Amino acid sequence: MTFLSELKRRNVIRMAGLYLVGAWLITQVAGTVLPMFDAPAWLPRSVVVLLAIGFLPALIFSWVFEMTPDGLKRDADVSSGQSIAPQTARRMDRMIIAVLALALGFFAFDRLVLDPQRDAALVATTTKTVEAKATSKAKATATPVIDRNSIAVLPFVNMSGDADNAYFSDGISEELLNVLAKVDGLGVASRTSSFAYKGSKLGSAAIAGELKVAHILEGSVRKSGNQVRITAQLIDASNDRHLWSETFDRELTDIFAIQEEIATAIVAALRVRLDDTDTPTNVSVRADTANMQAYDLYLKARELFIARKDLPESVRLFERAVEMDPTFARGWEGLAAVASVMPSWGFTDRDYYGISNRAAERALQLDPALSMPWAALANASQSEWPVDYEKLLRQFDKAVAADARNASALLWRGIAWARLGFFGRAIADLDHCLRLEPGYHNCRTHRALALLLSGDEEAAIAELDEGIANGSFESRSESFIAPLMHRGNHTAALLLMDSNDFPPALRRIILDALRSPGGAKPDAKTVIAEHLPTPDNPTVIKIGLTHFYLWLGDYEGFADFDDSASAPLSHWDRYPATFRNSPSMKRKMRNMGIPAYWRAHGFPPQCRPVGKDDFTCD
């Protein structure tokens, strides 16, 4: 008997046909039904794989075994008289026909009924997807709605022969911006937003588009001796058309009159342009001082203060300005502002807080409507512990009420809220600061700090990364060193030490201390003494010393150290973990006057009172 005949006798060929037809039917049903029940994509594939694997065993089984009236038996054990292979073959033929009929029926049902439904669903889904993409694209490419009554004042170009006169042209630009910002109904882009385009090669229309304003004011200043020429032009950004332009040749004694003329002309041009009969055309610019030399010094000092560059020179120039004109209210205001930040920038050679207080009080005597003197008074009031936080916050509130655009007041009030542990309020003030002045780096720095100290490390580190990428994280980054070490990012921590001018030996000490929080550490006071700037060791470390005490585990030294001049936030540090709720942390905060404020005005969300005199914080 041939091998083929034996395959037929043992019904192996029929088994192959029955298996293949049945497997095809099962595969089709699985491929149609399983997706209806949101089955994972791997399940239909698994069915096919299992059926393929089972094919060969099924053939082997049909070769080895035969169905008999007494059940399954090995084919070798079945005599020819006992074999019912022909009857089994006929049954298998009928089964093959039945399965084929089912397969053909399902095939027809799939093609005639299910296919049209799938096609309709696919068309509907595709249509929705296309519509969604079109809508998304339309939203992305749609021209943003721009207030027609909006303007950006670009820094005027310095056309003087002396490049050092750039402060004067910048000052005139900012003076005009501040005047226009006080006109009701006129939206004015912030100083940091506008001044970011200083020296830019972009055209006026492109800059207006990025700043989302309808108009651009640009110009130039040429200052020579006692003469000044100011050229200004107002541009409609929608068609890059000049609405107004003028050149003013005046003596410096007329500088405030020029500012008034320019501002009035701009408002008048916009009024005609917008058919706005409610906006007054006359803009008043008060002559703060009749001494033009004092005004010139004021502009130079203010530029240094805004840029936080050479602050001692800024103090000197403001002092010289008010010496020349003791009735110069804004001169006193500027002196109060810069003096109030000097200790936090490491300058302690004079009683700067006393200078700030006297200057602020003098400024308010001359002009009670000023805003910054209130902020300076609040800033300086934290120099003596315990701090009267109720009074301090009331002074900040007065500063913001006097000028809602005073971003520095919002920054400083935000820092005060963070110091008190009200991080939500702090972030709200800092967000407001950044809405007013998106380029105000210090606001972004302290926003990152508030997020970090509140426990939101992910958001804080993302803000740190963004700030470093934009060159806007200039100070306070040492607070991130321990958290980065804790997260295993030792390289980033070392780079922050480097950016804060840590000598290599000091980096190793701190690195070892943070790597082993529970291990032995060198004496904090000895480390600080060895690495403090001295005549023999001029290295300057840009860091609050309290962090050394924390990192080296000297909590008592931390509590005893008076860092009131640096506006501390380190009492909220989360590393080392054992510092939180330690007696030293609580003693430091009591020295600062923080729990006293809580008991009078309520505790922050993460803290709660314990008995009459104690508290605990999460």
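Residues numbered from 1 in each chain as written. Predicted model: local features only at pLDDT ≥ 70, side-chain atom pairs only at ≥ 80, totals over all residues. Heavy atoms only, no water.

Draft legend 1. View of unusual backbone geometry. With an omega dihedral of -5°, the bond running from W385 to P386 counts as a cis peptide bond. Checked against the element boundaries, P386 lands in the loop between α13 (372-380) and α14 (389-402). Across the junction of Y575 and P576, the peptide omega takes the value 0°, indicating a cis bond. Examined against the element boundaries, P576 turns out to sit in the loop between α24 (555-560) and α25 (583-592). Even without being glycine, D240 reaches a positive phi, approximately 55°. Within the secondary structure layout, D240 lies in the loop between β7 (227-236) and β8 (241-251). Unusually for a residue other than glycine, R308 sits at a positive phi of about 50°. Of the residues examined, R308 reaches a relative accessible area of 16% and is grouped as buried. (Helix = DSSP H or I, 4+ residues; strand = E, 2+ residues; numbered from the N terminus. Buried < 20%, exposed > 50% of the residue type's maximum accessible area, 1.4 Å probe, protein only.)

Draft legend 2. Region of the structure containing the packing of aromatic side chains. All chains considered together, the criterion is met by 17 aromatic pairs. Plain terms: the ring middles of Y298 and F318 are 6.0 Å apart, the flat faces sit at 65° to each other, and that makes the pair edge-to-face. In this pair, Y298 is assigned in helix α9 (residues 292-307) and F318 in helix α10 (residues 311-324), connecting sequence segments 20 residues apart. Given the relative accessible area of 4%, Y298 is considered buried. Taking the centre distance of 6.1 Å and the plane angle of 40° together, the rings of W572 and W598 count as tilted. Here W572 is found in the loop between α24 and α25, whereas its partner W598 is found in helix α26 (residues 594-601), with 26 residues between them in sequence. Considered together, W572 and W598 belong to a single accessibility category, that of buried residues. A cation sits over an aromatic face here: R191 above F195, 4.2 Å from the ring centre. (Phe/Tyr/Trp six-rings, centres within 6.5 Å; stacked < 30°, edge-to-face > 60°. Lys NZ or Arg CZ within 6 Å of the ring centre and 35° of its normal.)

Draft legend 3. A look at the nonpolar core. If you look at the biggest cluster of nonpolar residues, it comprises 143 residues, and the most contacted ones within it are L180, L217, W244, F480 and W598. When neighbours within four sequence positions are excluded, W244 is seen to be in contact with L217, A232, Q233, L234, I262, A265, I266 and A269. Ranked by size, the runner-up nonpolar core spans eleven residues in total, among them A208, V213, I216 and I235. (Core = buried A, V, L, I, M, F, W, Y, C linked by side-chain atoms within 4.5 Å. Contact = heavy atoms within 4.5 Å.)

Draft legend 4. The arrangement of the pattern of salt bridges in detail. Within the structure shown, the criterion is met by 28 salt bridges. Linking E175 and R330 is a salt bridge whose minimum nitrogen-to-oxygen distance equals 2.8 Å. One end of the pair, E175, is in helix α5 (residues 166-181); the other, R330, is in helix α11 (residues 329-341), and 155 residues separate them in sequence. With respect to class, E175 is no different from R330; both count as buried. Linking E323 and R320 is a salt bridge whose minimum nitrogen-to-oxygen distance equals 3.2 Å. One end of the pair, E323, and the other, R320, are both in helix α10, three residues apart, so they sit about a helical turn from each other. E323 sits in the exposed class, given a relative accessible area of 56%. For R320, a relative accessible area of 34% gives the class partly exposed. Through salt bridges with shared partners, a single network forms among E174, E175, R191, D288, R302, E303 and R330. (Salt bridge = Lys/Arg side-chain N within 4 Å of Asp/Glu carboxyl O.)

Draft legend 5. Focus on the side chain of S570. Relative to the helices and strands, S570 resides in the loop between α24 and α25. Looking at S570, its side chain comes within polar contact range of the side chain of T546, at 2.9 Å. Sequence-distant contacts of S570, that is, excluding residues within four places in its chain, are made with T546, H547, L550, F558, D563 and F579. (Polar contact = N/O pair within 3.5 Å; in protein donor to acceptor, adjacent residues only side chain to side chain.)

Draft legend 6. Examining the state of the cysteines more closely. Taken as a whole, this structure holds two disulfides when the rule is applied. Residue pairing for C433: its cysteine sulfur links by disulfide to C443, the two sulfurs lying 1.8 Å apart. Classification of the bridge connecting C433 and C443 rests on its S-S torsion, roughly 75°, and on that basis the disulfide is right-handed. Within this pair, whereas C433 is found in helix α16 (residues 423-436), its partner C443 is found in helix α17 (residues 441-454), the two being separated by ten residues in sequence. Among the residues examined, C433 registers a relative accessible area of 0% and is labelled buried. The disulfide partner of C607 is C617, and the gap between their sulfur atoms is 2.0 Å. Looking along the S-S bond of the C607-C617 disulfide, the torsion reads about 110°, which is the right-handed sense. You can see C607 sitting in strand β9 (residues 607-610) and its partner C617 sitting in strand β10 (residues 614-617), a full ten residues away along the chain. (Disulfide = S-S within 2.5 Å.)

Draft legend 7. Structural context of the side chain of E175. By relative accessible area, E175 is classed as buried at 3%. Dropping the residues within four chain positions of it, E175 is found in contact with Q259, Y295, L299, R302 and R330.

Draft legend 8. Examining the packing of α11 against helix α12 (residues 352-366) more closely. One way to put it is that α11 packs onto α12 with a least axis distance of 7 Å and a crossing angle of 155°. The pairing of α11 with α12 is recorded here as roughly antiparallel in orientation. As α11 runs across α12, the sense of the crossing is left-handed. Contacts between α11 and α12 pair A329, W332, E333, L335, A336, A339 and S340 from the former with Y352, Y353, I355, S356, A359, A360, R362, A363 and L366 from the latter. A class-by-class count of the residues in the contact of α11 with α12 yields twelve nonpolar, two polar and two charged. (Axes fitted to C-alpha atoms, helices over the stretch in contact; angles between N-to-C directions. Parallel < 35°, antiparallel > 145°, perpendicular 65-115°, else oblique. Left-handed = near helix turned anticlockwise from the far one by under 90°. Nonpolar A, V, L, I, M, F, W, Y, C, P; charged D, E, K, R; others polar.)

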